[in-house]
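# Examination of the molecular architecture
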Amino acid sequence: GFAELEARAVIDEHQRSAAGGLVTGGVVSLVDSVGGMVCGMAVRPEWIVTNNLMTRMARLRHTGPLYLHARILRRGRSSVVAAVDVADEGDGGAPVAHAMMTCAVLAPTRPAPHMERPVRLPLPPLDPRVGPPDDYFGIERDGPIVRLHPSLHHRNHWDILHGGAIASLVDIAAAHVVSQGQSVSQGHVV
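The text that follows walks through the structure, step by step, so that each part is easy to find.

## Focus on unusual backbone geometry
Here the amide bond leading from R44 into P45 is cis, since omega sits at 15°, within 30 degrees of zero. Residue placement: P45 occurs in the loop between α1 (24-43) and β2 (47-57). The amide bond that connects G64 to the next residue, P65, takes the cis arrangement and shows omega of 0°. In this structure, P65 sits in the loop between β2 and β3 (66-75).

In structure tokens, the structure reads:
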């Protein structure tokens, strides 16, 4: 049958937006990671790369932890489609976001790692050196310009920038433009 995956994510205080929930780029990054994992498991031994991700946010304030449920909707020869629902466990399961993603199926560049099913990945301990998303993704603000300086941990095996980095850049750039009181036409994303 089709694969499903459940995940939980805590919301660290330095990852909260002014609205009180996980920053939108963080939610989309989680969706891309969890959806990508379920898509990858559905096409093993081939690999995947996200080529379309649409996320609709239901609310911006979250108590946490967040619960993510990803499921495969369709698996074809060249692509796989998944839906990912995000809920706030700390607020009685209130909906946070719904996403649809399409991943291209690619020939592996090296053997896929062995994974026992069901897959259970323990939550790693919090690294106190990790700062807000701006720091993690190397995002810099310079007047109306917002830049992302990608490093290797932002890229997949094909050297493509992770969708979560792009989502965080867009989220931070949009918030920056609003905070600067600029129109969108005056702001630049590099």
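## Looking at the pattern of salt bridges
Once the charged atoms of two side chains with opposite charge are near each other, the side chains can pair. Tallying each qualifying case throughout the model produces seven salt bridges. For R8, the salt bridge goes to E89, with nearest N and O atoms at 2.7 Å. Placement of the pair is R8 in strand β1 (residues 4-9) and E89 in the loop between β4 (79-88) and β5 (94-106), with a sequence separation of 81 residues. R59 is the salt-bridge partner of D91, the closest N and O atoms lying 2.8 Å from each other. Of this pair, D91 sits in the loop between β4 and β5 while R59 sits in the loop between β2 and β3; the two residues are 32 residues apart in sequence, bridging distant segments of the chain. Among the ionic contacts, a cluster of salt bridges with common partners joins E140, D142 and R147.

## Things to note about α1
End to end, α1 covers 28 Å across 20 residues, agreeing with the expected 28 Å (1.5 Å per residue, within 8%). With 15 of 20 residues buried, α1 is to be regarded as a mostly interior element.

## Some points on the layout of surface pockets
Here the second largest pocket defines a volume of roughly 240 Å³. Along its surface, the second largest pocket is lined by 13 residues, and S17, V23, D171, I172 and A175 are the ones closest to its centre. Secondary-structure elements contributing two or more residues to the lining of the second largest pocket are α2 (133-136) and α3 (163-179). At four residues, the largest contribution of residues to the lining of the second largest pocket is made by α3. Class assignment of the residues belonging to the lining of the second largest pocket gives a composition of six nonpolar, three polar and four charged.

Definitions and limits used
- Residues numbered from 1 in each chain as written.
- Predicted model: local features only at pLDDT ≥ 70, side-chain atom pairs only at ≥ 80, totals over all residues.
- Heavy atoms only, no water.
- Helix = DSSP H or I, 4+ residues; strand = E, 2+ residues; numbered from the N terminus.
- Salt bridge = Lys/Arg side-chain N within 4 Å of Asp/Glu carboxyl O.
- Expected span 1.5 Å × (residues − 1).
- Buried < 20%, exposed > 50% of the residue type's maximum accessible area, 1.4 Å probe, protein only.
- 1 Å grid on protein atoms, 1.4 Å probe; cavity = no way out; pocket = protein on both sides within 12 Å on 5 of 7 lines; lining within 4 Å.
- Points joined across faces, edges and corners; volume = space filled by probe spheres on them.
- Nonpolar A, V, L, I, M, F, W, Y, C, P; charged D, E, K, R; others polar.

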